[in-house]
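Observations on the three-dimensional arrangement
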Amino acid sequence: MDTLVYTADISALNDPAVFERLLGTVPEYRREKAMRFKFPGGRAQSLGVGLLLRIACRDFGIEGADAHVVLGENGKPAFRDEPDIHFNLSHSKTRVMCVISPYEAGCDVERVRPGRSRLAERFFKESENAWIRSFPEGEAQDIAFCRLWTLKECYMKVTGRGMALSPDKFTLSVTPDGILLDHEGPRPEYRFFELPACQLTEGDRYCHAYCLKGMPEGHRVVCRDVDLAGNTPFNGVAR
C-alpha cells in the first residue's frame, strides 16, 4: 500500500452555499465538530480536513473508515477498525493536509508569518537557530523557521505526544542528504519529508512537511493537491 499525502486549498468552503453542500458528505462527528467553531474560518478548516480524510480513505481502499475515528492518550486520532493503518491531519488558514499510511505518520502545514523567526531562540536548539540565521534576514529566515517548525510538529505528532513533547527536547538537522533527528541519540527510523512551499493567490506562503516511522527504502509516496469543491456534490478531484 502506498502512502498518500494530500493537500488542498479550502478557500471555496468560505462560500456558505459550498460549505452547506459539502457538510452533509462527512460523518456526523465531523459535522458536529465543524459547527462548534464560532467563526467561518474554523468551520472551513474542520470541514476541509474531514473532506480530505474522506478522499484519502476512499483512495486508500478503506472507504468509510473515517466515520469511526478514536483519539489516543494525547489526542492523536486513529481508525477504530483499521489499527494497522495510520493517518494524521493538519490545517493552517486556507490550507489543509492529510497523510494516510501503513506506517506511523505525522504531518503539519503552517502559514509563513513575518517575524516568527524571532521565536527560534525560545523553542529551538542552538544548531537549529544557527541554520535559520544562515539565511538572509527577513522573509528567508521566516521561511526557514516555518520549515523547521513544521518538521518538528510532524515528529511531535507521529510520536503521539504532540505538544506534550517540547520542541527543544530534540534536534533536527537539515542537510543535503536529508533531515536527521537526534532525540537522546540518532533516530534513523523516523524519516522526514517536505513539500514545496505553496504560493497562493492571496499572497500567503505555506510550508508542508510529514514524517513516517519505519518506512523502508523503496516505499512509494503519492502526493496530490485536491480540489475539494469539484463540480459535483463530492468527487475529490486530484490535480
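Please refer to the structure higher up on the page.
Figured I'd write up the structure that's included with this text. Just so we're clear, the structure is a prediction, and the values are computed from it rather than from any experiment.

A few points about the overall build of the protein chain
Secondary structure summary: the protein chain contains six helices and twelve strands in total. Relative to the globule expectation of 18 Å for 239 residues, the C-alpha radius of gyration of the protein chain, 18 Å, shows essentially globular dimensions. In the protein chain, buried positions account for 50% of the 239 residues. Sequence separation of at least 24 residues holds for 60% of the intrachain contacts in the protein chain that already meet a minimum separation of 6. Side chains of the protein chain give 32 positive and 34 negative charges; the mean places of these two sets differ by 3 Å.

Some words on the packing of helix α5 (residues 126-133) against helix α6 (residues 139-158)
In the contact formed by α5 and α6, the axes pass within 8 Å of each other and the chain directions differ by 145 degrees. For the pair formed by α5 and α6, the contact residues are E128, W131, I132 and R133 on the first element and Q141, A144, F145, R147, L148 and K152 on the second. Here the contact of α5 with α6 is composed, by residue class, of five nonpolar, one polar and four charged.

Things to note about the pairing of strand β5 (residues 95-101)
Of all the seven residues making up β5, seven are buried; the element is thus mostly covered by neighbouring parts of the structure. In β5, alternate side chains face the same way, and those of R95, M97, V99 and S101 on one face and V96, C98 and I100 on the other are all buried. Pairing analysis gives seven bridges linking strand β4 (residues 86-92) to β5, with the strands arranged antiparallel. The residue bridging S90 from the neighbouring strand is M97, located in β5. Count of turn residues in the β4/β5 antiparallel hairpin: two residues, of which K93 carries a positive phi of about 50 degrees.

Rules and cut-offs
- Residues numbered from 1 in each chain as written.
- Predicted model: local features only at pLDDT ≥ 70, side-chain atom pairs only at ≥ 80, totals over all residues.
- Heavy atoms only, no water.
- Helix = DSSP H or I, 4+ residues; strand = E, 2+ residues; numbered from the N terminus.
- Rg over C-alpha atoms; globule rule 2.2 N^0.38 Å.
- Buried < 20%, exposed > 50% of the residue type's maximum accessible area, 1.4 Å probe, protein only.
- Contact = heavy atoms within 4.5 Å.
- Lys, Arg positive; Asp, Glu negative; His and termini not counted.
- Charge placed at Lys NZ, Arg CZ, Asp CG, Glu CD.
- Axes fitted to C-alpha atoms, helices over the stretch in contact; angles between N-to-C directions.
- Nonpolar A, V, L, I, M, F, W, Y, C, P; charged D, E, K, R; others polar.
- Pairing = 2+ DSSP bridges.

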